Amino acid sequence: MKDNANPKNENSLKHVLFGSLIGTTIEFFDFYIYANAAVLVFPQLFFPSADSTNSVLLSLATFSIAFLSRPLGSAVFGHYGDKVGRKTTLVIALLTMGISTVSIGFLPSYASIGIAAPLLLMLCRFGQGVGLGGEWGGAVLLAIENAPPNKRAWYGMFPQLGAPIGLLLSGGTFLILTDTMSAEAFLDYGWRIPFLASSLLVVVGFYIRLKITETPAFENSKKEQEEVKIPFFTLLKFYKNQLIFGTFAAVTTFLVFYLMTVFTLSWATSDLGYSKRDFLLMQLFSVLFFALFIPVSALIADRIGRRKMLIYATMAIAVFGFAFSFFMNSGNPILVTLFLCVGMALMGFTYGPLGTFLSELFPTNVRYSGTSLAFNMAGIIGAAFAPMIAIWLATHYSLTYVGFYLTSAACISLFSLVMISKKEHKF
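Just so it is clear, the structure is predicted and the values come from calculations on it, not from any experiment.

## Concerning the packing of helix 4 (residues 86–104) against helix 10 (residues 192–210)
One can describe the packing of helix 4 onto helix 10 by two numbers: an axis separation of 8 Å at closest approach and a directional angle of 165 degrees. When the axis of helix 4 is compared with that of helix 10, the two are roughly antiparallel. Helix-helix and strand crossings are classified by hand; for helix 4 and helix 10 the assignment is left-handed. Of the residues in helix 10, those in contact with Lys-87, Leu-90, Val-91, Leu-94, Leu-95, Gly-98, Thr-101, Val-102 and Ile-104 of helix 4 are Arg-192, Phe-195, Leu-196, Ser-198, Ser-199, Val-202, Gly-205, Phe-206, Arg-209 and Leu-210. A class-by-class count of the residues in the contact of helix 4 with helix 10 yields 11 nonpolar, 5 polar and 3 charged.

Structure, rendered in structure tokens:
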């Protein structure tokens, strides 16, 4: 009897971890295909202008809309995730993101319907942000609320792996399409393929999410009648410091990622003379280091502590900022690739234990809301306008100031990590 029980529990655990991974992979794939299109396609099709820089900036402005809507998704889905349960909320979040993404694939261009085209694009991007705002926190909780205390960072890194996997899938898809299609065909209909194809991934994720059971921590919280009426108000009243410092602790994670992806792709292809294909290949190679160091950082974090791991990673990012201009302006593709790999490795070190760290700041009855809001508010501060700010700094000053921008953010995150009140809550 005992021997038969263990495999069953183990299979259930594998199903939960895969369910958390597949969901975030789909969500981030959807999110990143927009990021690629915002640089490669949307400036010409939705924001035509005599000045190409203005077209890119307008396109990147729509990119930022999702970060502004993510806290709304966090508040809404977090509310129901803390009151109704993680499972149902995660299914709805996935559908919200999926419908918004597929809709982009059907949008006509500015040439067809004028100003309505970018407005509809902005609406779809808003929906993407709401969906992802509700997805990430729930996926992390699905993993760590099923984890033993000494392996929370390890379990919590499974949904985090969805980011590099989603990025590899999205970047690889665009690379294949641009390699196999003419530029005219790609701009005409080829760019729509990834958005429409995401519907297949959503169906798979939807099926898996429906089979997931509720987490033990949430079930215990319900049994003990720990539910609060409005989790958001409870957060502001009792956990305001954790919410504020947790948000700023995560800012650098967002900034380093979007500087290494959206900004470098835009700047390298428009100002440094790299072809889009070559630089996408360099970026995709660097993402392997992002994926590799997520589990490495999780293993270390379970040994030395989540906060200490994040402090060390943030200090390294602060130093890394000073090397920004030297590597990007080197004119040497090998040095630029090395620069991207180091940046992505540092991203892995800070991103791996981040979900576990944030979730441990809040008790079960407000954990979905608190974790999601801290993470997505950090997205507004650290990423929503990061590509535009970086382009402005590089254009009006130099790439050195983009590095200073990153270093300054790392110092703010470091201060927050040191100051945050870390009280262990029951799981």
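From this point on, the discussion continues.
## Looking at the pattern of salt bridges
Applying the stated criterion across every chain yields a total of 5 salt bridges. As a salt-bridge pair, Glu-360 and Arg-152 come within 3.3 Å of each other at their nearest N and O atoms. Of this pair, Glu-360 sits in the loop between helix 18 (354–359) and helix 19 (364–384) while Arg-152 sits in helix 7 (residues 152–160); the two residues are 208 residues apart in sequence, bridging distant segments of the chain. Residue class for Glu-360 comes out buried when judged on its relative accessible area of 1%. With relative accessibility at 7%, the residue Arg-152 sits in the buried group. For Arg-306, the salt bridge is made with Asp-302, and the minimal N-O distance between the two is 2.9 Å. Residues joined by salt bridges that share partners form a network here, namely Arg-152, Asp-302, Arg-306 and Glu-360.

## Quick word on the packing of aromatic side chains
Using the criterion set out here, one finds 28 aromatic pairs in the structure. Here the aromatic rings of Phe-324 and Phe-339 are separated by 5.0 Å at their centres, their planes lie at 80 degrees, and the arrangement is edge-to-face. With Phe-324 in helix 16 (residues 324–328) and Phe-339 in helix 17 (residues 333–351), the pair connects residues that are 15 residues apart, well separated along the chain. Here a set of aromatic residues connected by ring pairs shows up, and it is made of Phe-263, Trp-267, Phe-320, Phe-324, Phe-326, Phe-327 and Phe-339. Across the ring face of Tyr-34, the terminal group of Arg-125 is positioned such that the distance to the ring centre comes to 4.2 Å.

## Observations regarding the nonpolar core
If you look at the biggest cluster of nonpolar residues, it comprises 127 residues, and the most contacted ones within it are Phe-42, Tyr-258 and Phe-263. Looking at this core element by element, the count peaks at 16 residues for helix 13 (residues 240–270). Excluding its chain neighbours within four sequence positions, the residues that come into contact with Phe-263 are Tyr-258, Phe-324, Pro-387, Ala-390, Ile-391, Ala-394, Leu-399 and Val-402. By size, the runner-up hydrophobic cluster in this structure holds 5 residues, among which are Ile-22, Ile-26, Leu-94 and Ile-208.

## Examining the side chain of Thr-337
Along the chain, the position of Thr-337 falls in helix 17. Not counting residues within four places of it along the chain, the set of residues in contact with Thr-337 comprises Met-282 and Phe-285.

## Re the packing of helix 19 against helix 20 (residues 386–396)
Helix packing geometry: the angle between the two helix axes and the distance between the axes. Direction vectors running N to C along helix 19 and helix 20 enclose 25 degrees, while the axes themselves pass 6 Å from each other. The angle between helix 19 and helix 20 places the two elements in the roughly parallel class. Only Ala-386, Pro-387 and Met-388 of helix 20 make contact with helix 19, whose side of the interface consists of Gly-382, Ala-383 and Ala-384. Among the residues making up the contact of helix 19 with helix 20, the classes are represented as 5 nonpolar, 1 polar and no charged.

## A few points about a nonpolar patch on the surface
A cluster of nonpolar side chains, Leu-72, Val-76, Tyr-80, Val-84 and Phe-126, forms an exposed patch at the surface whose accessible area comes to about 440 Å². Broken down by element, the residue count for the nonpolar patch peaks at 3 residues, all from helix 3 (residues 52–83). Using a relative accessible area of 46% as the deciding quantity, one classes Tyr-80 as partly exposed.

## Notes on helix 13
Here helix 13 spans 43 Å end to end across 31 residues, near enough to the 45 Å set by a 1.5 Å rise per residue. The buried fraction of helix 13 amounts to 25 of the 31 residues, a majority that puts the element mostly inside the structure.

## Some details on the side chain of Ser-325
Its place among the elements puts Ser-325 in helix 16. Judged by its relative accessible area of 16%, Ser-325 is buried. Residues contacting Ser-325, with those up to four places away along its chain left out, are Leu-399 and Thr-400.

## A look at empty space enclosed by the protein
To find the voids left in a structure, one rolls a probe of water-molecule size over its atoms. Under the criterion given, the structure shown has 3 cavities of 30 Å³ or more. Counting residues per element, the ones that place at least two in the lining of the largest cavity are helix 1 (2–40), helix 8 (162–180), helix 13 and helix 14 (276–304). Looking at which element gives the most residues to the lining of the largest cavity, the answer is helix 13, with 5 residues. Of the residues contributing to the lining of the largest cavity, the split by class is 12 nonpolar, 4 polar and no charged. Approximately 80 Å³ is the volume attributed to the second largest cavity. If you go around the second largest cavity, the residues you meet are Phe-28, Tyr-32, Arg-70, Ala-163, Thr-253, Phe-254, Phe-257, Tyr-258, Phe-290, Met-347, Tyr-351 and Phe-375. Contributing elements (two or more residues each) for the lining of the second largest cavity: helix 1, helix 13 and helix 17. Top element by residues in the lining of the second largest cavity is helix 13. It accounts for 4 residues. Across the lining of the second largest cavity, the residue classes tally to 10 nonpolar, 1 polar and 1 charged.

Scoring rules and cut-offs
- Residues numbered from 1 in each chain as written.
- Predicted model: local features only at pLDDT ≥ 70, side-chain atom pairs only at ≥ 80, totals over all residues.
- Heavy atoms only, no water.
- Axes fitted to C-alpha atoms, helices over the stretch in contact; angles between N-to-C directions.
- Helix = DSSP H or I, 4+ residues; strand = E, 2+ residues; numbered from the N terminus.
- Parallel < 35°, antiparallel > 145°, perpendicular 65-115°, else oblique.
- Left-handed = near helix turned anticlockwise from the far one by under 90°.
- Contact = heavy atoms within 4.5 Å.
- Nonpolar A, V, L, I, M, F, W, Y, C, P; charged D, E, K, R; others polar.
- Salt bridge = Lys/Arg side-chain N within 4 Å of Asp/Glu carboxyl O.
- Buried < 20%, exposed > 50% of the residue type's maximum accessible area, 1.4 Å probe, protein only.
- Phe/Tyr/Trp six-rings, centres within 6.5 Å; stacked < 30°, edge-to-face > 60°.
- Lys NZ or Arg CZ within 6 Å of the ring centre and 35° of its normal.
- Core = buried A, V, L, I, M, F, W, Y, C linked by side-chain atoms within 4.5 Å.
- Patch = residues over 30% accessible without salt bridge, like charges linked within 9 Å, V, L, I, M, F, W, Y side chains within 5 Å.
- Areas by Shrake-Rupley, 256 points an atom, 1.4 Å probe, with all protein chains shown as cover.
- Expected span 1.5 Å × (residues − 1).
- 1 Å grid on protein atoms, 1.4 Å probe; cavity = no way out; pocket = protein on both sides within 12 Å on 5 of 7 lines; lining within 4 Å.
- Points joined across faces, edges and corners; volume = space filled by probe spheres on them.

Geometric values such as these leave the question of function open.
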